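So the chains spell out like this:
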Amino acid sequence: MKIVMLGAPGAGKGTQAKMIAAKYQIPHISTGDIFRANIKNGTELGKKAKSYMDQGLLVPDELTVDLVIDRLAQDDCKNGYILDGFPRTIPQAEALDAALEKLGEKMDYAIDVDVPDENIVSRMSGRRACTGCGATYHIVYNPSKKGEYCEVCGEKLILRDDDKPETVQKRLNVYHDQTQPLIDYYTKQSILRTVDGTQDMNDVFAEIAKILGA
Ligand code: ADP
Ligand code: ADP
Ligand code: ZN
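Residues numbered from 1 in each chain as written. Chains lettered and ligands numbered in written order. Predicted model: local features only at pLDDT ≥ 70, side-chain atom pairs only at ≥ 80, totals over all residues. Heavy atoms only, no water.

Participant: What exactly am I supposed to notice about the site of ligand 2 here?
Facilitator: Surveying the vicinity of ligand 2 reveals 17 residues, the closest of which are Gly 10, Thr 15, Arg 127, Tyr 137 and Gln 199. Within the side chain of Arg 123, an N or O atom sits 3.4 Å from a nitrogen atom of ligand 2. Looking at the shell around ligand 2, the elements that each hand over two or more residues are helix H1 (13–24) and strand E6 (136–138). Residue contributions to the shell around ligand 2 peak at three residues, all from H1. Its residues assigned to classes, the shell around ligand 2 comprises six nonpolar, seven polar and four charged. (Near = heavy atom within 4 Å. Polar contact = N/O pair within 3.5 Å; in protein donor to acceptor, adjacent residues only side chain to side chain. Helix = DSSP H or I, 4+ residues; strand = E, 2+ residues; numbered from the N terminus. Nonpolar A, V, L, I, M, F, W, Y, C, P; charged D, E, K, R; others polar.)

Okay, structure coming up:
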């Protein structure tokens, strides 16, 4: 099963993608996580990506597309995967479709986690990310049982620089300009499914599981 997660920053794509990946035993591929790992490891790609991410802008397609296409060619993607944060532009979606077509494959579902802008800023300012393993929490909706430390690996949790309110507004604008057109793109392919992302995270997951046929 091949799935794309769509939604504004902070809509809950990552949270749901991790639950889907665990239930269906397919890899969760997050371009944001890949970029952050590169930044942490001080790679050339990380240095380039950081300057865009810090400003709330998208990393250019040239730095993003090949990275994902290569990742999808790895062995663990044989039975499908869930893409979280990619594609984020129409050219990225077209490049993905072209790569799939070459393999005689196609995307099965694009799931749009729908959350209005009003809810996004509080979601983001409460998000806490683990500096060790990338797990995410929310100070109100999904707090770590270990307070400021990660339940999984014990490392310190932080508020991502790009989750501060001034950058969040910019990321929302970028989302509306560059990413929201994908809703139309996948509607035309008849694979778009919309879920109400304002519900409790387990209820959102129940809706998605129903779509995917649990
Ligand atoms: P969120 O979880 O809030 O949606 P991500 O972790 O997916 O954020 O992405 C963080 C940042 O990484 C984005 O604001 C953008 O700068 C960059 N990024 C992630 N995925 C992509 C992509 N597919 N294309 C361009 N930039 C990306
Ligand atoms: P995205 O990957 O779309 O940027 P995340 O999955 O990281 O979003 O979720 C953003 C923040 O909101 C996180 O702190 C997460 O714990 C929290 N969150 C996710 N889903 C829900 C939900 N349904 N209700 C309340 N908070 C949520
Ligand atoms: Zn951790």
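Now that the structure has been shown, we can carry on.
Participant: Would you mind going over the pattern of salt bridges with me for this structure?
Facilitator: A side chain of one charge can pair with a side chain of the opposite charge when the charged atoms of the two come close. On inspection of all chains with the given rule, the structure shows twelve salt bridges. The partner of Asp 33 in a salt bridge is Arg 36, and the shortest N-O contact between them spans 2.9 Å. Separated by three residues within a single helix, Asp 33 and Arg 36 lie in helix H2 (residues 31–40), roughly one turn from each other. A residue is classified by how much of its surface remains accessible, and Asp 33, at 30% relative accessible area, is partly exposed. (Salt bridge = Lys/Arg side-chain N within 4 Å of Asp/Glu carboxyl O. Buried < 20%, exposed > 50% of the residue type's maximum accessible area, 1.4 Å probe, protein only.)

Participant: Hey, could you run me through the coordination of the zinc ion (ligand 3) in this one?
Facilitator: Six octahedral donors at a metal ideally form angles of 90 or 180 degrees, and four tetrahedral donors ideally form angles of 109.5 degrees. Taken together, Cys 130 (SG), Cys 133 (SG), Cys 150 (SG) and Cys 153 (SG) make up the protein donors of the zinc ion (ligand 3), found 2.3 to 2.4 Å from the metal. Taken together, the four donor atoms coordinating the zinc ion (ligand 3) span angles of 95 to 116° at the metal, a pattern that classifies the geometry as tetrahedral. Here the donor residues of the zinc ion (ligand 3) share one chain and are spaced in sequence as C-x2-C-x16-C-x2-C. Placement of Cys 133 in the loop between strand E5 (127–130) and E6 and of Cys 150 in the loop between E6 and strand E7 (157–158) is noted, with a sequence separation of 17 residues between them. (Donors = N, O, S within 2.8 Å, 3.2 Å for Na, K, Ca; no water. Tetrahedral: all angles 85-135°; square planar, octahedral: opposite > 155°, others 65-115°.)

Participant: Explain H2 here, please?
Facilitator: Quick reminder: α-helices carry 3.6 residues per turn. Residues three or four places apart thus point the same way. Those residues of H2 that sit buried are Thr 31, Gly 32, Phe 35 and Asn 38. Down the axis of H2, the sector holding all buried residues measures 125°, keeping them to one side. (Arc of directions from axis to C-beta.)

Participant: How should I be thinking about the pairing of strand E3 (residues 81–84) in this particular structure?
Facilitator: Regular strands place their side chains on alternate faces of the sheet. Burial of the side chains of E3 extends over both faces: Tyr 81 and Leu 83 are buried on one face and Ile 82 and Asp 84 on the other. The sheet contact formed by strand E1 (residues 2–6) and E3 spans four bridges and is parallel. Pairing of Lys 2 across the sheet is with Tyr 81, part of E3. (Pairing = 2+ DSSP bridges.)

Participant: So what exactly am I meant to see when it comes to the site of ligand 1 here?
Facilitator: Inspection of the region around ligand 1 gives 20 residues, with Thr 31, Arg 36, Leu 57, Gly 85 and Arg 171 positioned closest. Separating a nitrogen atom of ligand 1 from a side-chain N or O atom of Gln 92 is a distance of 2.9 Å. Between Arg 127 and ligand 1, the recorded distance is 2.9 Å, taken from a side-chain N or O atom to an oxygen atom. Calculation on ligand 1 without its partners gives an accessible area of 560 Å², and the protein chains cover 96% of this total. Split into classes, the residues belonging to the shell around ligand 1 amount to seven nonpolar, six polar and seven charged. (Areas by Shrake-Rupley, 256 points an atom, 1.4 Å probe, with all protein chains shown as cover.)

Participant: So what exactly am I meant to see when it comes to the side chain of Asp 162 here?
Facilitator: Among the secondary structure elements, Asp 162 is positioned in the loop between E7 and helix H7 (165–179). Under the relative-accessibility criterion, Asp 162 is labelled buried at 11%. Only 3.0 Å separates the side chain of Asp 162 from the side chain of Arg 160, close enough to count as a polar contact. Residues in contact with Asp 162, not counting those within four places in the same chain, are Met 53, Thr 167, Val 168 and Arg 171. (Contact = heavy atoms within 4.5 Å.)

Participant: Would you mind going over the sheet that holds E6 with me for this structure?
Facilitator: Picture the strands of a sheet paired through backbone hydrogen bonds; they go either parallel or antiparallel. Ordered by their spatial adjacency, three strands build an open sheet running E6-E5-E7, and the pairing between neighbours is antiparallel. In this open sheet, the two strands that pair with only one neighbour each are E6 and E7. Across three bridges, E5 lies against E6 in antiparallel orientation. Residue pairing across strands places Arg 127 opposite His 138, the latter belonging to E6. Here helix H6 (residues 117–126) sits on the sheet and contacts E5 and E6; the angle it forms with E5, its principal contact strand, is near 40°. (Axes fitted to C-alpha atoms, helices over the stretch in contact; angles between N-to-C directions.)

Participant: Can you help me understand the packing of aromatic side chains in this one?
Facilitator: Aromatic ring pairs are defined here through the distance separating the ring centres and the angle between the ring planes. Counted under the stated rule, the structure contains one aromatic pair. Centroid distance Tyr 185 to Tyr 186: 5.0 Å. Interplanar angle 85°. Geometry classified as edge-to-face. As far as burial versus exposure is concerned, Tyr 185 and Tyr 186 are alike and both buried. Of note, Lys 156 hangs over the ring of Tyr 149, and the distance from its end group to the ring centre comes to 5.3 Å. (Phe/Tyr/Trp six-rings, centres within 6.5 Å; stacked < 30°, edge-to-face > 60°. Lys NZ or Arg CZ within 6 Å of the ring centre and 35° of its normal.)

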